[in-house]
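# Understanding the architecture of this molecule
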Amino acid sequence: MTNSTPDAAASDSKSWTDGATQSPIESVDRALQLALMLRFGGTLTVTEAAARLGVAVSTAHRLLAALSYRGFAGQDRERRYVAGPVLAAHAVGAIARSSLRDLARPALERLHARLHETVGFMVLEMGSVRFLDGIDEMEQNLRVVIRVGDKLPALESAGGKAMLAQLRNDDLAAVTSASGVPAPLDERAGSEGGSLATLKRHLAVVRRNGYGVNLEETSPGICGVGVAIPTTGQPLGAFTTVLPTARFHRDELKGYVEALAQAADETGRRIADLTRAL
């Protein structure tokens, strides 16, 4: 008896279909249909996928398993299939090219007015984050400046941590295999084999808290707090505030988080409205 693997499923056309009468091209077409459903339609159960394709549930399950293995699909916490890291990156990129920055801008302006600190909006790009927008605090002598377009390791960013915490373990493994676990985490893990496990434990705390914190991990003298846009699928973006360590006080953390969460919720609703209109 041999064990079935995703590689075998991807290479053997019969494992993708219910019978020898199904051609490899038809199997690929069905897989692409599922990928498009996930890209534009949100979430799918195996039963829903089978009904849409007009195939057996077992066939839909094998197709989704193959898509998951290659990063085109993933599962949310209710075990429904969602767009995986590959599709999610393109989905966010497509929105970003047209209007993601504009969708986040009103919330970003209100966030800046409320906190009177430098604030930014970022997206996840595999193991890194990129700032799409930012508003610098200009009224105080000591301040932090955000450079739009800058890219930095996600685990060294408060907003990046918040977005990584939204990933399921298998998607997180795909991200780290492509970009690597950051060196500081390797050092904390103490051994190569413990790096991913340490990362998961760290992000579990972030997930439970609902926000990420950066305590001088990117630059000395700079702290940050980040909250991701709520989603049942892949990360959409995150809001962050960055400020000098001299003005970062633990007793004000709750206020930072509440303001960031409000901006994230507002932008999440705007993105959902746009997605439904596509």
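Attention in this report is confined to the structure presented alongside it. (Residues numbered from 1 in each chain as written. Predicted model: local features only at pLDDT ≥ 70, side-chain atom pairs only at ≥ 80, totals over all residues. Heavy atoms only, no water.)

## Considerations on the overall build of the chain
Helix and strand content of the chain: 10 helices and eight strands. Residues classed as buried in the chain amount to 47% of the 278 residues present. Partitioning the intrachain contacts of the chain with sequence separation of at least 6 by distance along the chain shows that 60% fall at a separation of at least 24. For the chain, the accessible area works out to roughly 13,900 Å², and carbon and sulfur atoms hold 53% of it. (Helix = DSSP H or I, 4+ residues; strand = E, 2+ residues; numbered from the N terminus. Buried < 20%, exposed > 50% of the residue type's maximum accessible area, 1.4 Å probe, protein only. Contact = heavy atoms within 4.5 Å. Areas by Shrake-Rupley, 256 points an atom, 1.4 Å probe, with all protein chains shown as cover.)

## Let's talk about the packing of aromatic side chains
Across all of its chains, the model carries two aromatic pairs by this definition. Centre to centre, the rings of Phe121 and Phe239 are 4.9 Å apart; their planes meet at 50°, and the pair counts as tilted. Of this pair, Phe121 sits in strand β3 (residues 118-125) while Phe239 is found in strand β8 (residues 238-244), placing the two residues 118 residues apart along the sequence. As far as burial versus exposure is concerned, Phe121 and Phe239 are alike and both buried. Ring centres of Phe248 and Tyr256 lie 6.3 Å apart, and the angle between their planes is 15°; this geometry places the pair in the stacked category. (Phe/Tyr/Trp six-rings, centres within 6.5 Å; stacked < 30°, edge-to-face > 60°.)

## Brief notes about the nonpolar core
By size, the foremost hydrophobic cluster in this structure holds 29 residues, and its most contacted members are Leu111, Phe121, Tyr211, Val225, Phe239, Phe248 and Leu253. Among the elements of the structure, α5 (85-115), β3, β4 (128-135), β7 (222-228), β8 and α10 (253-277) are those that each provide at least two residues to this core. With eight residues, the top contributor of residues to this core is α10. If we ignore the near neighbours within four places in the chain, the residues touching Phe248 are Val213, Leu215, Cys223, Val225, Leu243, Leu253 and Tyr256. Formed by 21 residues, the second largest nonpolar core is a distinct cluster that contains Leu155, Met163, Leu164 and Val206. (Core = buried A, V, L, I, M, F, W, Y, C linked by side-chain atoms within 4.5 Å.)

## Side note on helix α4 (residues 57-69)
Between its terminal C-alpha atoms α4 stretches 18 Å, which fits the 18 Å expected from 13 residues at 1.5 Å a residue. Those residues of α4 that fall on the buried side of the exposure criterion are Thr59, Ala60, Leu63, Leu64, Ala66 and Leu67. Here the buried residues of α4 occupy an arc of 160° about the axis, which is enough to place them on one side. Once α4 ends, the next one or two residues include Gly71, with phi positive near 85°. (Expected span 1.5 Å × (residues − 1). Arc of directions from axis to C-beta.)

## A few points about the packing of helix α3 (residues 46-53) against α4
Where α3 contacts α4, the two axes come as close as 8 Å, and the packing angle between them is 110°. For the element pair α3 / α4, the angle class is roughly perpendicular. In this structure, α3 uses Val46, Ala49, Ala50 and Leu53 to contact α4, whose residues at the interface are Val57, Ala60, His61, Leu63 and Leu64. Classifying every residue of the contact of α3 with α4 gives eight nonpolar, one polar and no charged. (Axes fitted to C-alpha atoms, helices over the stretch in contact; angles between N-to-C directions. Parallel < 35°, antiparallel > 145°, perpendicular 65-115°, else oblique. Nonpolar A, V, L, I, M, F, W, Y, C, P; charged D, E, K, R; others polar.)

## A closer look at the sheet that holds β3
One open sheet holds the six strands; their spatial order is β5-β4-β3-β8-β7-β6, and the pairing between them is antiparallel. The open sheet has two edge strands, β5 (151-153) and β6 (212-215), and neither has a second partner. Taking the axes of each pair of neighbouring strands and ignoring which way they run, one obtains an average angle of 30° across the sheet. Two elements, β4 and β5, share three bridges in a ladder whose sense is antiparallel. (Pairing = 2+ DSSP bridges.)

## Looking at the pattern of salt bridges
Evaluated as defined, the whole model comprises eight salt bridges. When the shortest N-O distance is used, the salt bridge between Asp133 and Arg101 registers 3.3 Å. Note that Asp133 is positioned in strand β4 and Arg101 in helix α5, a separation of 32 residues in sequence. We note a salt bridge from Glu109 to Arg105, for which the minimum N-O separation is 3.1 Å. Residue Glu109 and its partner Arg105 are both found in helix α5; the two are separated by four residues, about one turn of the helix. Given a relative accessible area of 41%, Glu109 falls into the partly exposed group. With relative accessibility at 24%, the residue Arg105 sits in the partly exposed group. Counted as one network, the salt bridges with shared partners bring together Arg101, Arg105, Glu109 and Asp133. (Salt bridge = Lys/Arg side-chain N within 4 Å of Asp/Glu carboxyl O.)

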